[in-house]
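Summary of structural features
Here's the letter readout for the chains.
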Amino acid sequence: MEFLNPAALSALYFLPLLLVPYLIKGRTRRLRFSSLLLLRDLSKPSVGRRWGTLRLPPIFFLQFLLLLLLILALGEPVFSVRPTNIAIVLDNSASMQVLEHQESGEKSRFEIAKEKARDLLRSVPTEAKIDLYLISPRFEQFGGKTLGPGEAVPLIAALEPFDLGEPSLDYGKELSRLVEEKGYERVYFLTDHPVRNQGETIKTTFVGRPQKNLAITSFHISRTSFALSHSEARVEVTNFSSEQERIKVLLKGGEKVLSSRTVTVAPRKSVTLSFDRFPAHPYYEAELEGRDALALDNRRFAVSPVSKRLEILGVSPRPKALYSLRSLPGVSLNVISPKAYEESRDEGHSLEIFHYASPALLPKKHALFILPPEKNPLVAIHRALFQPIISDWREPHPLTRYVNFTLFQPPYARSLEPLSFGEAIVQSPEGTLVVALERQGRRYLILGFDPFPYLGRKNLPVSIFTLNILEWFYRQLGGASKGTGEPLDLSALQGGVLVTPKDEKFPVAEGARLFTRTFFQGIYQVNQGGEKNLTTVNFAVNLQDLKESDLMHPVPIDLKEAAEASDSRSFLFSLWPYLLLLSLLLLVLEWFFNPPVTRSSTDGLAAGVRLARPE
Amino acid sequence: MLPAPFTSEFLSRLECLRLQTRKEVLGSRPGSYSSPRRGTSLEFADYRKYSPGDDLRYLDWGIFARSDRLYVKLFREEVDLFAYLFVDASGSMAFPSLQAKFSPACNVALAFAYVVLSNHDHVKLHLLQESPAPLATPFFRGRHRIKGCIDFVSSISPKGPLELAPALGKHLKKVRRPGKAILLSDFLMPVSSYQPGLNLLRAFNLDISVIQVLSRQEIDPPFPRGDLALVDSESGEEMGFQWTERLREQYQEAMERHNRELRSICHQAGIHYSIFVTDQELSKYVLQTLPAIGLFK
């Protein structure tokens, strides 16, 4: 038997209070009597206790039983036939790697969840049918088939959590769908998220408790300039705890510590550090020195930019103006028409310049828009301006550095207004002329005037501004870094062997496009060629889901009551109506055996036996 | 105003009653009660030798015919009755309440008084209570004097302890004529306390009747089970008890024994005894029970 409302059973602690009226009743009462003559010889002196002797008539036990039944009824007892069609859903997201202190030592939440799952399996009948589900990378059945309890136990033991965030799911809906479609009598969901609205069919087990955590939330390696070969590392550290933390950040390359920095991070804030002038390595690791609850987000990986050049794809109906960029060292330019852009999938560039053109959707690379048409995804185009005067510019800003805006006078311009958000960098009295914004790690710059052709010294302010623009984009270019769960694009590679951070090896067939098993954080290497001409392409894959690092405030999951499987019998037999009925019968019985005192007897008692006043 | 039980029907039936005595009384006027003196009633008492001057009508000619001796008949004198009603007004008579015990006791006394007054006899009420002077009425005669009796019993509240013999003694000092004494009390006192009282009454040659007045709560105390501290209403003494059903039964047995002893003492002393439980109907008690024991005729 189990209780759906076990909190009500705490009322059992108050049952002994039923003795109180009997103790009060048993108190010594002072009464006047006509004469004690006949009582003298019978006197058995009472011990004079303040509370008298506790006498429990049979009616007390009836009342006790009545109260006990009422409390049990409030606890909503159900007699459950042991379910035989069961689903166990395990949360295998990154936060399940958090270590929890237990009596037997430290264990990860996933280990604890597995133990609880094993305990569950021990309690089900041997003929039960078990389906195992994992939620990452997607909510699906594991193992592909229904298992018996004996088969499920070793399978669960072999499971590991992934370095993945949780998919955006309505768990209530998903679990309810499972119950409806598969007719599960019971679904056990083991997770480190607090759950609201548990029901009869879906039972959740919460593993873990809030803990403080520090995490590296961003790690980026980029060239300081497209004309130079120096690299810069930017590391963002976030403090998810409620206290200020001081932490040492290490920059590693080739398993060696290249540099370190100590930083203090305020609670719930982020701090960004920069490292420069460090030797070149194929890939780098940023690490927090020390240990906290989740080790996974204390490390992050990044690879050096593959190319030293700024590779630009120009999209313009007037390509000639763009060709002038080829005169810049470190710049590689390819120009196509807007129509060709719609059809092409050229992925070899790192910056797209839309010159009097605009894609329908926001490009997935850094992009510069120059006098885009009115139908563009970023800004509204307003009035035309002729030789506008620059009245205001953002300073200090990498885009406006060293530019003498008093001499900056484009012949023609259009004022701009951001459609959603964006930063006004350069303004004239008639409107904004330059808007910059960053979205999902990509930079976009919209110019309301045409700085091309690049004239170098002949138009120094505009040329410096142009170089600032290219520099601004170039600094954002780092090594390719993906989030765990995102596929790796192998289309540029011709065969080879992909080695995962777990040392698993997968052959890369020629023509292969995507590798999807990026479940673990680390460097994925594709080794090509033989021993003598071995080339390695590195991909950095990092956990991108900040919610997994926020251990203080796990997002609660709201489960809605699942509908019972349509063809299953009700396996929960509610006992509370019967307990209530029994209580009512006992109440009648109690009234029958202990009726209210009648008026005459109370009158006699009241009139005949006066309470003596205390002296 | 007469108390509630004294309905007109009850009063008319009381008027038909007459107190019965077992002793001769010394009345002052002609009445219907035998006197030790010789008088002119129709009841033959004795013979006496003829002395010149005796009324020849009272000569017993039969004795003369048989013995040639002259004897005159003597007849009893019938006189009026002097009734003394002693009502216990101690603290125990107020238990459980004035209305539950003392008032019914007074009503019985008033019933007696009315019977006596209806027969043109004399009645005097005495309230037995610790007081500087004995509380008593003068002799009343005539039905209209019942009001005086009512006023008297209404003016006093029962209180305090009572030693029966000394209290009776104070009242008996003023008794000049033997008559009928009716003592109404709960007799919740030791034998050694009430027996001297009864003996005192006997010493004054009174025809004694005893009415023991008890309330239902004294016979069957409605105490709740558990620890009790009972306080004596007269002495203020306090005693603790663990009141149980068994104790209640023992108390009732003790009450039975005590009453039996009282009855026995009364019987041995030639005293009428009756018990009046105050929840009884007064008219039924006075009109049925008391005549049955010979108090009324």
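Note that the structure is predicted; figures quoted are calculated from it, not measured. (Residues numbered from 1 in each chain as written. Chains lettered and ligands numbered in written order. Predicted model: local features only at pLDDT ≥ 70, side-chain atom pairs only at ≥ 80, totals over all residues. Heavy atoms only, no water.)

Helix and strand content of chain A: ten helices and 37 strands. Considering chain A as a whole, with its 615 residues, one finds that 47% of them fall into the buried category. At a minimum sequence separation of 6, the contacts of chain A that also span at least 24 residues come to 66%. Accessible surface, chain A: about 31,800 Å² in total, of which carbon and sulfur atoms supply 55%. (Helix = DSSP H or I, 4+ residues; strand = E, 2+ residues; numbered from the N terminus. Buried < 20%, exposed > 50% of the residue type's maximum accessible area, 1.4 Å probe, protein only. Contact = heavy atoms within 4.5 Å. Areas by Shrake-Rupley, 256 points an atom, 1.4 Å probe, with all protein chains shown as cover.)

Residue and element names in this part refer to chain A. Enumeration according to the criterion identifies 31 salt bridges over all chains in this entry. Here K107 and E115 are joined by a salt bridge, their closest N and O atoms 2.5 Å apart. When its relative accessible area of 21% is taken as the criterion, K107 is described as partly exposed. Residue E115 is classed as partly exposed on the basis of its relative accessible area of 25%. Look at the salt bridges and you will find they share partners, linking E100, R109, D192 and R209 into a network. (Salt bridge = Lys/Arg side-chain N within 4 Å of Asp/Glu carboxyl O.)

Residue and element names in this part refer to chain B. The interhelical angle for the contact between helix α6 (residues 191-203) and helix α8 (residues 245-268), taken along N-to-C directions, is 25°, at an axis separation of 11 Å. Compared by their axis directions, α6 and α8 come out roughly parallel. Crossing hand, α6 versus α8: right-handed. Across the interface between the two elements, V191, Y194, Q195 and L198 of α6 pack against H258, E261, L262, I265 and C266 of α8. Looking at the contact of α6 with α8 residue by residue, the classes come out as six nonpolar, two polar and one charged. (Axes fitted to C-alpha atoms, helices over the stretch in contact; angles between N-to-C directions. Parallel < 35°, antiparallel > 145°, perpendicular 65-115°, else oblique. Left-handed = near helix turned anticlockwise from the far one by under 90°. Nonpolar A, V, L, I, M, F, W, Y, C, P; charged D, E, K, R; others polar.)

This part is about a nonpolar patch on the surface. All names here are of chain A. On the surface, a cluster of nonpolar side chains totalling about 560 Å² of accessible area is made up of Y13, F14, L17, V20 and I24. Checked against the element boundaries, F14 lands in the loop between β1 (2-3) and α1 (19-25). We classify F14 as exposed; its relative accessible area is 56%. (Patch = residues over 30% accessible without salt bridge, like charges linked within 9 Å, V, L, I, M, F, W, Y side chains within 5 Å.)

What follows concerns the sheet that holds strand β32 (residues 505-507) of chain A. Residue and element names in this part refer to chain A. Pairing is mixed in the open sheet, where five strands are placed in the order β29-β35-β34-β31-β32. In this open sheet, the two edge strands, each paired with only one partner strand, are β29 (481-483) and β32. For this sheet, the mean angle separating the axes of adjacent strands, direction not counted, is 25°. (Pairing = 2+ DSSP bridges.)

This part takes up the packing of aromatic side chains. Taken as a whole and assessed by the stated rule, the structure comprises 31 aromatic pairs over all chains. An angle of 25° between the planes, with centres 4.6 Å apart, marks the rings of F162 of chain A and F519 of chain A as stacked. Here F162 of chain A, found in the loop between α4 (149-157) and α5 (171-182), pairs with F519 of chain A, found in the loop between β33 (514-515) and β34 (522-528); they are 357 residues apart in sequence, far enough to count as distant. You can call F519 of chain A buried: its relative accessible area is 12%. Joined through ring pairs, the aromatic side chains of F33 of chain A together with F95, F223, W243 and Y251 of chain B make up one cluster. (Phe/Tyr/Trp six-rings, centres within 6.5 Å; stacked < 30°, edge-to-face > 60°.)

Residue and element names in this part refer to chain A. Assignment of secondary structure puts E548 in the loop between β35 (535-542) and β36 (557-558). It is K547 that comes nearest to the buried, bridge-free E548 among opposite-charge side chains, at 6.6 Å. Engagement of the side chain of E548 in a polar contact is seen with the backbone nitrogen of A94, the distance being 3.4 Å. Among residues more than four places away in sequence, those in contact with E548 are S93, A94, S95, L164, G165, E166, L294 and L543. (Lys, Arg positive; Asp, Glu negative; His and termini not counted. Polar contact = N/O pair within 3.5 Å; in protein donor to acceptor, adjacent residues only side chain to side chain.)

So, on to α4 of chain A. Residues and elements named next belong to chain A. Turning to α4, its buried residues number three or more, namely P149, A152 and I156. For α4, the angular spread of the buried residues around the axis is 55°, confining them to a single face. Those residues of α4 that are buried lie in contact with β4 (85-90), α3 (109-123), β7 (129-134) and β8 (140-147). (Arc of directions from axis to C-beta.)

All right, on to the pairing of strand β28 (residues 442-447) of chain A then. Remark: a regular strand shows side chains that alternate across the two faces of the sheet. All names here are of chain A. Counting buried positions over the six residues of β28 gives five, a clear majority of the element. Pairing geometry for strand β22 (residues 366-370) and β28, over four bridges, is parallel. Bridged to F369 within β28 is I446. With six bridges joining them, strand β27 (residues 431-439) and β28 adopt antiparallel strand pairing. Bridge assignment links E438 to a residue of β28, and that residue is R443.

Turning our attention to the pairing of strand β5 (residues 99-102) of chain A. All names here are of chain A. Relative to strand β6 (residues 105-108), β5 runs antiparallel, the two sharing four bridges. For E100, the partnering residue across the bridge sits in β6 and is K107. Connecting the antiparallel pair β5 and β6 is a turn made up of two residues.

Attention shifts here to the environment of V315 of chain A. All names here are of chain A. Inspection of the secondary structure puts V315 in strand β19 (residues 310-315). On the basis of relative accessible area, V315 is assigned to the buried category, the value being 1%. In the structure, V315 is positioned 42 residues away from A357 in sequence and 6.7 Å away in space, judged by C-alpha atoms. The contacts of V315, once residues within four sequence positions are left out, are L322, I336, S337, P338, Y341, I353, F354, H355 and A357.

Turning to unusual backbone geometry, a few remarks are in order. The omega torsion across S136 of chain A and P137 of chain A is -5°, close enough to zero to call that bond cis. Inspection of the secondary structure assignment puts P137 of chain A in the loop between β7 and β8. A cis amide bond links F452 of chain A to the next residue, P453 of chain A, at an omega of 5°. The backbone of N205 of chain B sits at a positive phi, close to 60°, despite the residue not being glycine. Here N205 of chain B is to be found in the loop between α6 and β8 (207-214). The exposure class of N205 of chain B is partly exposed, given its relative accessible area of 41%.

Here the focus is the sheet that holds strand β14 (residues 245-253) of chain A. Residue and element names in this part refer to chain A. Across the sheet, which stays open at both edges, the four strands sit in the order β15-β14-β17-β18 with antiparallel pairing between neighbours. This sheet does not close on itself; its edge strands, each paired only once, are β15 (256-265) and β18 (299-303). Neighbouring strand axes in the sheet, compared pairwise and without regard to direction, differ in orientation by 20° on average. Summarising the sheet, strand β17 (residues 283-288) and β18 pair through five bridges and their orientation is antiparallel. For E285, the partnering residue across the bridge sits in β18 and is F301.

Residue and element names in this part refer to chain B. Counting residues in each nonpolar core, the largest one holds 47 residues, and the members touching the most others are L14, L19, F112, V123, C149, I211 and V286. Broken down by secondary-structure element, the contributors of at least two residues to this core are α1 (8-14), β3 (82-88), α3 (98-118), β4 (122-128), α4 (146-154), β7 (180-185), β8 and α9 (282-292). The dominant element in this core, judged by the number of residues it contributes, is α3, at 13 residues. In this structure, I211 is in contact with F112, I182, L183, L184, S185, F187, S274, F276, Y285, L290 and L295, ignoring residues within four places of it in sequence. (Core = buried A, V, L, I, M, F, W, Y, C linked by side-chain atoms within 4.5 Å.)

Residues and elements named next belong to chain A. In this model α5 runs 16 Å from its N-terminal to its C-terminal C-alpha over twelve residues, within 8% of the 16 Å that 1.5 Å per residue would give. Buried residues of α5: Y171, G172, E174, L175, S176, L178 and V179, and no others. On its buried side, α5 packs onto β4, β7, β9 (186-191), β11 (202-206) and β36. Of the residues one or two after α5, G183 is the one with positive phi, at around 70°. (Expected span 1.5 Å × (residues − 1).)

What follows concerns the environment of G172 of chain A. Residue placement: G172 of chain A occurs in helix α5. Taking relative accessible area as the criterion, G172 of chain A reaches 2% and is therefore assigned buried.

Here we take up the environment of L69 of chain A. Structurally, L69 of chain A can be placed in helix α2 (residues 58-74). Apart from residues lying up to four places away in sequence, L69 of chain A is in contact with L579, L582, S583 and L586 of chain A.

The subject of this paragraph is the confidence of the model for chain B. Of all residues in chain B, 91% have pLDDT values of 70 or greater, and the mean over the chain is 88. With pTM at 0.48, the complex prediction returns an ipTM value of 0.82. (pLDDT = per-residue confidence, 0-100.)

With that settled, consider the side chain of S136 of chain A. All names here are of chain A. Tracing the backbone through its elements, the reader meets S136 in the loop between β7 and β8. Its relative accessible area of 2% is what places S136 among the buried residues. One polar contact links the side chain of S136 to the main-chain carbonyl oxygen of G165, over a distance of 3.2 Å. With near-sequence residues (within four places) excluded, S136 lies in contact with N92, S93, F162, L164, G165, E166 and P167.

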